Amino acid sequence: MHGGRAFFITFVAMRRPILLLISVLACVVAAHARYITLTDSLVGSAIYPGTVHTFSVTVPDAYDGSHPAALYLGLDGILCNAPEVIDSLSATGAIPVTIGVYLQPGIVRADDGRVLRYNRSNEFDATDDRFATFLASELLPAVSRITIPDGRPLRLSDDTADRMIFGLSSGGIAAFTAAWHRPDLFGKIYSGCGTFVPMRGGNDLQAIVRKHEPRPLRIYLQDGYTDSWNPLFGSWYEANRMLASALVFAGYDCGFDWAPGGHSIRRTSEIFPDVMTWMWRDRPSSLSAGTSANNYLAPLLDGAGRWQPAALPVPVPAPRARAVYPDSTIIVTRTAGSNCLTQYIVDRHGRPACGQPFYWLHTYGNSLLTVHDMTFDADGNLWVLTPAGIQICDHNGRVRGILSLPCALAPDAAIDLRDGLVIIISDGRAYTRRLNIAAPRPGHTPPSQGQA
């Protein structure tokens, strides 16, 4: 087997003026266990209205409350005998003292108790950032407010290298997307039989991983090569192998297990102790992003810096409804009701002609993409500012690279390119990042990239 990664925070939280917490504080599951288990429910989610989420938290005896503990978030409740494995591994020093959070997906019930909606697929299979937002804004704050019956405060490490999330099947893709959207919350991911298939857009993730600049994540994927749980949605195994290939290409610290088996927790559980040990093999080292083999991103990111707050530039750029090619021969505009941008050729009279939906952009969750701003660089590549990142398109309208954003984008967000520098303006704040780019020069004709 080759290592993996799994870090869970399993908890449910809701944002409402008043949160209803139904707490059942239970001590220990078995006489030999060296931890206590706390069981709660949360009602009143702003992210998933009407849902009730139940969760449990395991706190090891070795945790004394004086130092933050590592976090393991497990989806679909307790799987893989996780509390006992974590207890055993932490006792040997293979992993740090770890608090486990085990979350069940939301359910919406009628007044008489009947289940009206199972929310698992909606929460777990979606590729947008709702589930990550739910964990960040509702679950984790609620977990942090818990007080252990013996008086120990519950403190979780803020270091992403101390935070792992795990899931099986739909929980597997949920674990991946939660960390993908919020690498500041989780640095380690273990996905068993992950649903990276055309169910709610999971099949698009491998393409996005290849184009996106690498994130500081450690990832382990497991699936059996006979896994095709529901052929209507395709082959789980093939989808996992496609994502695995993308992760290797993009330079991630990743491990895989492709042993015989189908859509089952058997193998996932069998290798769970080894995956946990692999995840923590170099503790207390921090996580760092790898180097992608993307031949567009590599030179762009050579010597690149991180986003930094900066003074507002003068003049302050405003969002543009269109982008004009450096030599003014091409105009690009938004396309109403589409995630494509329309390209026009400027005719000899200076008028837009031959318009076609031309630039094809990526989005998460089957949503209509907001295009905040766009501009060309000196090479004639189109930089498009979107909530899914800064998407950089080649001459033929294909996204070749995606850069992370420094912040959530306000409606007035704009992008500006300078030689060696990109600037983002949003909500009256400016952020800059060093990149190996050149600003467009009016009148300059970039070399053709051909039809490729």
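That block above? That's the structure.
These lines cover the structure that appears in this document, whether it is placed above or below.

Rules behind the numbers
Residues numbered from 1 in each chain as written. Predicted model: local features only at pLDDT ≥ 70, side-chain atom pairs only at ≥ 80, totals over all residues. Heavy atoms only, no water. Helix = DSSP H or I, 4+ residues; strand = E, 2+ residues; numbered from the N terminus. Rg over C-alpha atoms; globule rule 2.2 N^0.38 Å. Buried < 20%, exposed > 50% of the residue type's maximum accessible area, 1.4 Å probe, protein only. Contact = heavy atoms within 4.5 Å. Areas by Shrake-Rupley, 256 points an atom, 1.4 Å probe, with all protein chains shown as cover. Core = buried A, V, L, I, M, F, W, Y, C linked by side-chain atoms within 4.5 Å. 1 Å grid on protein atoms, 1.4 Å probe; cavity = no way out; pocket = protein on both sides within 12 Å on 5 of 7 lines; lining within 4 Å. Points joined across faces, edges and corners; volume = space filled by probe spheres on them. Pairing = 2+ DSSP bridges. Axes fitted to C-alpha atoms, helices over the stretch in contact; angles between N-to-C directions. Lys, Arg positive; Asp, Glu negative; His and termini not counted. Salt bridge = Lys/Arg side-chain N within 4 Å of Asp/Glu carboxyl O. Polar contact = N/O pair within 3.5 Å; in protein donor to acceptor, adjacent residues only side chain to side chain. Expected span 1.5 Å × (residues − 1). Nonpolar A, V, L, I, M, F, W, Y, C, P; charged D, E, K, R; others polar.

Another aspect to go through is the overall build of the chain. Across its full length, the chain holds nine helices and 23 strands. For 452 residues, the compact-globule formula gives about 22 Å, and the C-alpha radius of gyration of the chain, at 24 Å, lands near that figure. Dimensions along the principal axes, computed over C-alpha positions, put the chain at roughly 85 × 50 × 45 Å. Every one of the 452 residues in the chain was classed for burial, and the buried ones make up 55%. In the chain, the share of contacts with a sequence separation of at least 24, taken over all contacts with a separation of at least 6, comes to 70%. A total accessible area of about 19200 Å² is found for the chain, and carbon and sulfur atoms account for 53% of it.

In this section: the nonpolar core. Phe131, Leu135, Ile165, Phe176 and Leu382 are the most contacted members of the largest nonpolar core, which totals 79 residues. When neighbours within four sequence positions are excluded, Phe131 is seen to be in contact with Tyr48, Leu75, Leu103, Glu123, Phe124, Ala174 and Ala178. Counting residues in each nonpolar core, the second largest holds 23 residues, with Ala70, Tyr102, Phe272 and Met279 among its members.

We now examine empty space enclosed by the protein. This structure, assessed with the given rule, holds one cavity of 30 Å³ or more. Reported here for the largest cavity is a volume of approximately 50 Å³. Lining the largest cavity we find Tyr35, Thr58, Pro60, Pro83, Ile86, Asp87, Thr98, Ile99, Gly100 and Tyr102. For the lining of the largest cavity, the elements supplying multiple residues, two or more each, are strand 3 (52–60), helix 1 (82–92) and strand 5 (98–103). In terms of residues, the lining of the largest cavity owes the most to one element, strand 5, which gives four residues.

Taken in spatial order, the four strands of this open sheet run 12-23-22-21, and their pairing is antiparallel. Both edges of this open sheet fall to strand 12 (308–310) and strand 21 (414–418), since each of them pairs with a single strand only. Between one strand and the next, the sheet's axes are offset by a mean angle of 30°, whatever the strand orientation. Relative to strand 22 (residues 421–426), strand 21 runs antiparallel, the two sharing five bridges. The residue bridging Ile415 from the neighbouring strand is Ile424, located in strand 22.

Another point: the side chain of Asp327. Residue position: Asp327 is located in the loop between strand 13 (322–324) and strand 14 (330–334). One buried charged residue, Asp327, forms no salt bridge at all, with the nearest opposite charge on Arg441 at 11 Å. Side chain to side chain, Asp327 and Thr329 meet in a polar contact 2.7 Å long. One polar contact links Asp327 to Thr445, side chain to side chain, over a distance of 2.7 Å. In this structure Asp327 touches Gly443, His444 and Thr445, once residues within four positions along its chain are discounted.

Our focus in this paragraph is the sheet that holds strand 16 (residues 352–360). Pairing is antiparallel across the open sheet formed by four strands, whose spatial order is 13-14-15-16. The sheet is open, and its two edges are formed by strand 13 and strand 16, each paired on a single side. Going across the sheet, the axis of each strand differs from the next one's by a mean of 25°, ignoring polarity. Examined bridge by bridge, strand 14 and strand 15 (residues 340–346) share five bridges and lie antiparallel to one another. What sits directly across from Val332, in strand 15, is Gln343.

Okay, helix 4 (residues 170–181) next. Here helix 4 is twelve residues long and its end C-alpha atoms lie 17 Å apart, about the 16 Å a rise of 1.5 Å per residue gives. By the criterion of burial, helix 4 is predominantly enclosed, with twelve of the twelve residues buried. Buried within helix 4 are the following residues: Ser170, Gly171, Gly172, Ile173, Ala174, Ala175, Phe176, Thr177, Ala178, Ala179, Trp180 and His181.

Another aspect to go through is the layout of surface pockets. Put simply, the largest pocket is a space of about 1600 Å³. Lining the largest pocket are 44 residues, with Pro183, His212, Arg215, Ser404 and Leu405 positioned closest to its centre. Per-element accounting of the lining of the largest pocket gives the leading share, three residues, to helix 9 (residues 297–301). Its residues assigned to classes, the lining of the largest pocket shows 21 nonpolar, 15 polar and eight charged.

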